[in-house]
Amino acid sequence: MLCVSVSCVKIGPQGPPGPEGPQGPQGVPAEFDIVKLEVPAKAWQYSGQDDNNFFCATVEVPELTEDAFVYGVVSLYRTYNYESSDASQIVLPYVRLCEEVDGTDKFFYTETIDYEYGIGWGNIYYTVSDFIYEWDPTYAPVDMQFRLVIAY
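Read on for a plain summary of the structure. Here the residue numbering is sequential within each chain, running from 1 through the sequence in written order. Only residues with pLDDT of at least 70 are given local features in this predicted model, and only at 80 or more are side-chain atom pairs given and counted; all residues enter the totals for whole chains, interfaces and linings. Hydrogen atoms and water are omitted, and side-chain values are computed over all heavy atoms in the structure.

## Points about the environment of glutamate 66
Next up, step 1: What counts as a helix is a DSSP run of H or I of at least four residues, what counts as a strand is a run of E of at least two, and both are numbered from the N terminus. Following the sequence through the fold, glutamate 66 ends up in helix H2 (residues 66–71).
Next up, step 2: Between the C-alpha atom of glutamate 66 and that of isoleucine 119, which follows or precedes it by 53 residues, the distance is 5.8 Å.

## Topic: the sheet that holds strand E1 (residues 32–39)
Next up, step 1: Paired strands, as defined in this entry, are two strands with at least two bridges between them according to DSSP. Sheet architecture is open: four strands sit in the order E1-E9-E4-E5, paired in antiparallel fashion. Of all strands in the sheet, those bounded by a partner on one side alone are E1 and strand E5 (88–91). Between one strand axis and the next, the sheet turns through 30° on average, direction left out of account.
Next up, step 2: Where strand E4 (residues 73–80) and strand E9 (residues 144–151) come together, seven bridges link them in antiparallel fashion. When the sheet's bridge partners are listed, tyrosine 77 is paired in E9 with arginine 147. Comment: axis = line fitted to C-alpha atoms, over the contacting stretch for helices; angle = value between 0 and 180 degrees taken between N-to-C directions.

## Overview of the pairing of E4
Next up, step 1: Note that E4 and E5 share four bridges and pair antiparallel. Bridged to arginine 78 within E5 is isoleucine 90.

## A word on the packing of aromatic side chains
Next up, step 1: Stacked, tilted and edge-to-face are the three classes applied to pairs of Phe, Tyr and Trp rings, where Trp contributes its six-membered ring and a pair requires centres within 6.5 Å; stacked means planes under 30 degrees apart, edge-to-face means over 60, and tilted covers the rest. Evaluation of the coordinates by the stated rule reveals five aromatic pairs.
Next up, step 2: On the basis of an interplanar angle of 65° and a centroid distance of 5.9 Å, the ring pair of phenylalanine 54 and tyrosine 125 is categorised as edge-to-face. Linking phenylalanine 54 in the loop between strand E2 (45–46) and strand E3 (55–60) with tyrosine 125 in strand E8 (residues 121–129), this pair joins segments that are 71 residues apart in sequence. This pair shows no difference in class: phenylalanine 54 is buried, exactly as tyrosine 125 is.
Next up, step 3: Put simply, the rings of Phe69, Tyr115 and Tyr117 touch in pairs and so form one group of aromatic residues.
Next up, step 4: Lying across the ring of tyrosine 77, arginine 147 places its NZ or CZ 4.8 Å from the centre. Each residue's exposure class comes from its accessible area (1.4 Å probe, protein chains only) as a fraction of the maximum for that residue type: buried when under 20%, exposed when over 50%, partly exposed otherwise. Whether a charge lies above a ring is judged from NZ of Lys or CZ of Arg, which has to be within 6 Å of the ring centre and within 35 degrees of the ring normal.

This is the structure:
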């Protein structure tokens, strides 16, 4: 009990502000590139692996320079209705649990979109898993739009 009462300290009113410090050095201005990518359904290439179904679309991105690759931050977003009032986007990678109903049967699957990039290029991967690993052509990707943001 004695420790608790001894360790309490009353705080008085705040004092006046101190003098302003010297101006710091000017930083390097950030650079941003925003690239709209359109991937048509025909651009997706199937992996051909029965036990690892995925699609890949390779895109050329000249904005992914060596400086952007080494010093930058690259983010990719899947966009929906990009140039309309109800536009939305989701950052990649993302995994979504989906459900389809066929009569009284429910089917669950995941949809995953992720990416990798290098200097001047990017690969976007689209994977659908029904947890059984059987190929179903209804899982083939459709036209998709993306927004690539490069900051360095």
